[in-house]
Amino acid sequence: MKKNMKKGIVSMVVVGMTLTGAAGVYAGASLQKISAYLNGNISIKVDGAAYTLKDENGHKLSPIMYQDKMYLPVRSLAGALDTPIQYDSKNNQVLIGKGQQASEQYVEVKYSDAQIKAIKKDFAAFDGFETAYAPKQMAAGDAFVKSFAGSDGVNVIFNHMMVNVSPRDYSDGYESKEVVLSNGVKAKWYTPSDLPMLSFQLDDRTITISSPDKALTQAQMEKIAVSVAKL
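Residues numbered from 1 in each chain as written. Predicted model: local features only at pLDDT ≥ 70, side-chain atom pairs only at ≥ 80, totals over all residues. Heavy atoms only, no water.

Draft legend 1. Quick look at the side chain of threonine 217. If you trace the backbone, threonine 217 turns up in the loop between strand 18 (205-210) and helix 4 (218-225). By relative accessible area, threonine 217 is classed as buried at 3%. Here threonine 217 is in contact with Arg75, Ala78, Thr83, Pro84 and Ile85, once residues within four sequence places are set aside. (Helix = DSSP H or I, 4+ residues; strand = E, 2+ residues; numbered from the N terminus. Buried < 20%, exposed > 50% of the residue type's maximum accessible area, 1.4 Å probe, protein only. Contact = heavy atoms within 4.5 Å.)

Draft legend 2. Representation of the sheet that holds strand 16 (residues 186-190) in the model. Pairing is antiparallel across the open sheet formed by seven strands, whose spatial order is 12-13-14-18-17-16-15. Strands at the two margins of the open sheet, each flanked by one partner only, are strand 12 (144-149) and strand 15 (176-180). Along the sheet, successive strands turn relative to each other by an average axial angle of 20°, direction set aside. Of the pairings in the sheet, the one linking strand 12 to strand 13 (residues 154-158) comprises five bridges and is antiparallel in character. Of the residues in strand 13, the one forming a bridge with alanine 149 is valine 154. Together, strand 12, strand 13, strand 14 (162-166) and strand 18 form the strand contacts of helix 3 (residues 113-124), whose direction differs from that of strand 12 by roughly 20°. Against the sheet, helix 4 contacts strand 15, strand 16, strand 17 (197-202) and strand 18, and its axis sits at roughly 15° relative to strand 17. (Pairing = 2+ DSSP bridges. Axes fitted to C-alpha atoms, helices over the stretch in contact; angles between N-to-C directions.)

Draft legend 3. Local environment of helix 4. Buried within helix 4 we find Gln218, Gln220, Met221, Ile224 and Ala225. Projected down its long axis, helix 4 shows its buried positions confined to an angular sector of 160°, all on one face. (Arc of directions from axis to C-beta.)

Draft legend 4. Broad picture of unusual backbone geometry. The phi torsion at aspartate 68 lies on the positive side, around 65°, for a residue other than glycine. In this fold, aspartate 68 is placed in the loop between strand 5 (64-66) and strand 6 (69-73). The residue aspartate 203 is not glycine, and still its phi comes out positive at about 60°. Aspartate 203 sits in the exposed class, given a relative accessible area of 55%.

Draft legend 5. Just the pattern of salt bridges, in detail. In this structure the tally under the stated criterion is four salt bridges. Across the pair aspartate 152 and arginine 168 runs a salt bridge whose closest N-O atoms are separated by 3.9 Å. In this pair, aspartate 152 is assigned in the loop between strand 12 and strand 13 and arginine 168 in the loop between strand 14 and strand 15, connecting sequence segments 16 residues apart. Overall, the relative accessible area of 22% leaves aspartate 152 in the partly exposed class. Judged by relative accessible area, arginine 168 falls into the partly exposed class, the value being 47%. Of the charged contacts in the structure, one is a salt bridge between arginine 205 and aspartate 204, with a shortest N-O distance of 2.8 Å. (Salt bridge = Lys/Arg side-chain N within 4 Å of Asp/Glu carboxyl O.)

Draft legend 6. Looking closely at the nonpolar core. Among the nonpolar cores identified, the biggest contains 33 residues, and Phe158, Phe200, Ile207 and Ile209 are the most heavily contacted of them. Setting aside residues no more than four positions away along its own chain, isoleucine 209 makes contact with Met161, Met162, Val163, Pro196, Met197, Leu198, Phe200, Met221, Ala225 and Val228. (Core = buried A, V, L, I, M, F, W, Y, C linked by side-chain atoms within 4.5 Å.)

Draft legend 7. Structural context of the pairing of strand 17. In terms of burial, strand 17 is largely enclosed, as five of its six residues are buried. Of the strand pairs in this sheet, strand 16 and strand 17 are connected by four bridges, and their pairing is antiparallel. Counted as the bridge partner of alanine 187 is phenylalanine 200 from strand 17. If you look at the hairpin formed by strand 16 and strand 17, you'll find six residues sitting between the two strands. Where strand 17 and strand 18 come together, six bridges link them in antiparallel fashion. Residue pairing across strands places leucine 198 opposite isoleucine 209, the latter belonging to strand 18.

So, in structure tokens, the structure goes:
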């Protein structure tokens, strides 16, 4: 079903570009001014279920109508269609599909001394669970925000990603899809509501990664998952 949808979108709909970091495209580019319309009356369904187009900040988006063609934000559709979509700012290219790598897709997370201290303090609140874990990589354009201890684990929060570290496997009771990460670790995707979550075991704890604003694709989160390690 999703493969057919992908083909339909490519052939029948001109897909607009709302990619993180895409602002650099406009600098020095030869642009032509146009007159278009936002159409908030058009609804989207994915595999029969209603789907809301949103940007990386969670704001609702509307299709654009221009010369009898409908333009949809490609980043918003990436997660729904499980298709990696990246923007390579160095080469001014939009990369759609697997097997492609943007030159600046991932960057190292450089935690400050104060941030490391705060994260370790959150983990220290749990007896027998004191060792701090956090991702060492993030998507380009993302940023670490904070960490906080919950009732049975620690959440490491980024602008576009949340990493939960817990002794509990939250995927129990939900239908899941198994995947193997690039480092050979077995993981699984499950969707408790409308937000896909990636879960896997690391040492004595369960790591769960999600993108609350749906800015990251599943392929991106699987790549970042490999970088989670002791802090």
